[in-house]
Amino acid sequence: MRFPLKLTANLTRYIAGKRIRGEKKFPLVMMLEPLHACNLTCTGCGRIREYKSTIDEMLSVEQCLQAMEECGAPVVSICGGEPMIYPEISRLVREILARGRHIYLCTNGMFIRKKLHEFRPSSSFFWNVHLDGMERTHDLCVERDGVFREAIEGIRAAKAAGFYVCSNTTIYKETDLSEIAELYAFLHELGVDGYMLSPAYSYAAVMTRDIFMSREEVREKFRQALSLIEGYNLMISPIYREYLKGERELMCTAWGNPTYNPRGWKGPCYLMTDAHHDTFQGFMQDTPWEKYGRGRDPRCQDCMVHVGFEPSAVLGAHRKLGDNWKLLSWQLSGKMGGAGRRAGTGNGNGHGASRGNGHGNGHGNGHASEGQAGGLPVASPPPAELLGPDGRLRIL
Ligand code: SF4
């Protein structure tokens, strides 16, 4: 299987329910940004630039959960900023898992080892580690030496403890594709379970424009890239891959991956900000969706990013006969776990033991802490080096 069976089953049930009720626009993955502060200043990151004036603001766990319930998406991608410096990150994860959602915790990997003891493995939880190349390249992209090594040590520790881990790579104009193949081979040996990748997009907030690609450049780059890495457990759908290679068209379905952050629901999409909405309903109803996408808004012209077009494979208007079968066989054909040895269980799946150790009850009864609090320590404060003299998160 390419994903845990429970994730595939829950998503399938959710989509079928929406279709039966005749809903046309609905979310698949909620992008939750509890804060925008980060310990790094990556070259391609729009968040630390766009939200500079509010970078020390944070959502409470209760605000996050309320937004999650309002949205209803079965998958929550916790991102930021760096979510591992959110003081209550482990409680947030516990509470979301206890409500039956699936989580990708997107991180630069710098604090996995330090905070791993606050988390428990679950088939509904993935560490999603950002890596844009091998050591020298990645450290250049994130503008700090040592980040690659620490992220790799974090991945090793997480795999040894029985967690699912995937990686997340952005492809820029200058990306050396043979190095991405080298990176994937390296991660495969570490037992990484899956791989996400997306073309970079020229955020209005990012000043360094010469690293981004036109649509034709994206297509050429991905034709080459995908031929090198096709054999790995890619977590991007075959339909989105066809789009990236220029073999089919898709229209953006930005509502499929809505973003919530301390300013509200970010419209129209993860990348562009024309408005922040107080409620999810307001975001869905008041965003003029017909005005966005290629040929409608010049800012969308070269956009082919994952958050805009991956949901189109399921939700979009350009679906073709056979797409459902293609998606199903893709999900069944993958294989998690890389080449690494699984920790802990000796039964070959690496997660058998962990399912009963702190998440089983939580999933079943729908209450946050009843099944888990006993096994989990109280959240630790953010790392001391990130706190200013006033005890607040340091502003970059
Ligand atoms: S195409 Fe969609 S995802 Fe891309 S910038 Fe436009 S609205 Fe956002």
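**Student:** Just checking my understanding: could you explain the site of the ligand for this structure?
**Tutor:** Near the ligand, the surroundings consist of Tyr201, Cys252, Cys269, Met272, Tyr292, Cys300, Cys303, Gly308 and Phe309. By residue class, the composition of the shell around the ligand is 8 nonpolar, 1 polar and no charged.

**Student:** Hey, could you run me through the nonpolar core in this one?
**Tutor:** Core analysis: the biggest nonpolar cluster contains 115 residues, and Leu105 and Trp127 have the highest contact counts within it. Beyond its immediate chain neighbours, meaning those up to four positions away, Leu105 contacts Ile78, Pro83, Met84, Ile89, Val93, Phe119, Phe125, Phe126, Trp127 and Asn128.

**Student:** Looking at this structure, how should I read the pairing of strand 6 (residues 194–199)?
**Tutor:** In regular strands, side chains alternate between the two faces of the sheet. The buried count for strand 6 comes to 6 of 6 residues, which makes it a mostly enclosed element. Side chains Gly194, Met196 and Ser198 project from strand 6 onto one buried face, and the interleaved Tyr195, Leu197 and Pro199 project onto a second face that is buried too. Tracing the backbone out of strand 5 (residues 164–171), into helix 8 (residues 177–189) and back to the parallel element strand 6 gives a crossover that is right-handed.

**Student:** Looking at this model, I keep getting lost on the pattern of salt bridges. Mind explaining?
**Tutor:** Should their charged atoms come close, side chains of opposite charge can pair. Going through the model one piece at a time under the given rule, you end up with 24 salt bridges. Between Arg47 and Glu33 there is a salt bridge whose closest N-O contact spans 2.7 Å. Pair noted here: Arg47 is in helix 2 (residues 47–50) and Glu33 is in the loop between strand 1 (29–32) and helix 2, with a separation of 14 residues, a long-range link. Classification of Arg47 as buried rests on a relative accessible area of 2%. Of the residues examined, Glu33 reaches a relative accessible area of 0% and is grouped as buried. Of the charged contacts in the structure, one is a salt bridge between Arg149 and Glu135, with a shortest N-O distance of 2.7 Å. Of this pair, Arg149 sits in helix 7 (residues 147–160) while Glu135 sits in helix 6 (residues 135–141); the two residues are 14 residues apart in sequence, bridging distant segments of the chain. Assessed through its relative accessible area of 29%, Glu135 is described here as partly exposed. Each of Glu62, Glu69, Glu88, Arg91, Glu95, Arg99 and Arg101 takes part in a single network of salt bridges with overlapping partners.

Thresholds, definitions, all that
- Residues numbered from 1 in each chain as written.
- Predicted model: local features only at pLDDT ≥ 70, side-chain atom pairs only at ≥ 80, totals over all residues.
- Heavy atoms only, no water.
- Near = heavy atom within 4 Å.
- Nonpolar A, V, L, I, M, F, W, Y, C, P; charged D, E, K, R; others polar.
- Core = buried A, V, L, I, M, F, W, Y, C linked by side-chain atoms within 4.5 Å.
- Buried < 20%, exposed > 50% of the residue type's maximum accessible area, 1.4 Å probe, protein only.
- Contact = heavy atoms within 4.5 Å.
- Helix = DSSP H or I, 4+ residues; strand = E, 2+ residues; numbered from the N terminus.
- Right-handed = clockwise from strand over helix to strand, strands pointing away.
- Salt bridge = Lys/Arg side-chain N within 4 Å of Asp/Glu carboxyl O.

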